[in-house]
Amino acid sequence: MPLQRIEGEIVRERHGFAFPMRIAGTAQNVQVIIDDDALVVTTSMLAGDELRTQLEADLPALEFLAAEKFDHGRATADGVVLISASDVLGFLN
């Protein structure tokens, strides 16, 4: 089942950002975690507020990537979708 965007808080985690997405047609949410390294793949090293700004600019593409990973069963055992630099590089190529 595809993931869809929902309004939810983007939370700063230790090495990235987390936000919820909903499994379409259900009331079940999935946690998406974007590693900091995924945000600096195509830009120079960023820190602090710059990372959040980059995340917000890239959010539609990152949500699409999270949905693709989820659709292909590439979530963790507890249902979290992790997006890393390798995922972003694979998506860009």
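Basis of the calculations
- Residues numbered from 1 in each chain as written.
- Predicted model: local features only at pLDDT ≥ 70, side-chain atom pairs only at ≥ 80, totals over all residues.
- Heavy atoms only, no water.
- Helix = DSSP H or I, 4+ residues; strand = E, 2+ residues; numbered from the N terminus.
- Buried < 20%, exposed > 50% of the residue type's maximum accessible area, 1.4 Å probe, protein only.
- Contact = heavy atoms within 4.5 Å.
- Core = buried A, V, L, I, M, F, W, Y, C linked by side-chain atoms within 4.5 Å.
- pLDDT = per-residue confidence, 0-100.
- Salt bridge = Lys/Arg side-chain N within 4 Å of Asp/Glu carboxyl O.
- Phe/Tyr/Trp six-rings, centres within 6.5 Å; stacked < 30°, edge-to-face > 60°.
- Lys NZ or Arg CZ within 6 Å of the ring centre and 35° of its normal.

Enquirer: Before we move on, can you summarise the overall build of the protein with the specific residues and values?
Expert: Helix and strand counts for the protein stand at three helices and five strands. Walking the protein from its N terminus toward its C terminus, one meets helices and strands in the order β-β-β-β-α-α-β-α. Expressed as a percentage of its 93 residues, the buried residues of the protein come to 39%. Summarising the internal contacts of the protein: among those between residues at least 6 apart in sequence, 42% fall at separations of at least 24.

Enquirer: Help me get a handle on the nonpolar core, residues and values and all.
Expert: Core analysis: the biggest nonpolar cluster contains 22 residues, and V32, I34, L55 and I83 have the highest contact counts within it. For this core, the elements supplying multiple residues, two or more each, are β3 (16–23), β4 (29–35), α1 (36–39), α2 (49–71) and β5 (81–83). Of the residues forming this core, the biggest block, seven residues, is contributed by α2.

Enquirer: Can you break down the confidence of the model for the protein residue by residue, with the values?
Expert: With 87% of its residues at a pLDDT of 70 or more, the protein has an overall mean of 86. Taken element by element, the predicted model of the protein shows its lowest mean pLDDT in helix α3 (residues 85–92) (80) and its highest in β5 (95).

Enquirer: Now, about the pattern of salt bridges: what can you tell me, with residues and values included?
Expert: Enumeration according to the criterion identifies four salt bridges in this entry. Among the ionic pairs, R5 bridges to E63, the shortest N-O distance being 3.4 Å. One end of the pair, R5, is in strand β1 (residues 3–5); the other, E63, is in helix α2, with 58 residues separating them in the sequence. For E63, a relative accessible area of 9% puts it in the buried group. Salt-bridge contacts for D36 lead to R12; the nearest nitrogen and oxygen are separated by 2.7 Å. Of this pair, D36 sits in helix α1 while R12 sits in strand β2 (residues 11–13), placing them 24 residues apart in sequence. Residues participating in the shared-partner salt-bridge network are K69, R74 and D87.

Enquirer: Just give me the short version of the packing of aromatic side chains, but keep the residues and values in it.
Expert: Counted by the stated rule, this structure contains zero aromatic pairs. A cation over an aromatic ring shows up here: R12 above the ring of F17, its NZ or CZ 4.6 Å from the ring centre.

Enquirer: Describe the environment of N29, listing the residues and the values that go with them.
Expert: Assignment of secondary structure puts N29 in strand β4. Taking C-alpha positions, N29 is 9.2 Å from G79, a pair spaced 50 residues apart along the chain. If sequence neighbours within four positions are ignored, N29 has contacts with I6, P20, M21 and R22.

Enquirer: Could you give an account of the environment of H15, with specific residues and numbers?
Expert: With respect to the secondary-structure elements, H15 resides in the loop between β2 and β3. The exposed category is assigned to H15, whose relative accessible area is 52%. Taking C-alpha positions, H15 is 9.3 Å from I33, a pair spaced 18 residues apart along the chain. Residues within four places of H15 in sequence aside, it is in contact with I34, D35 and D36.

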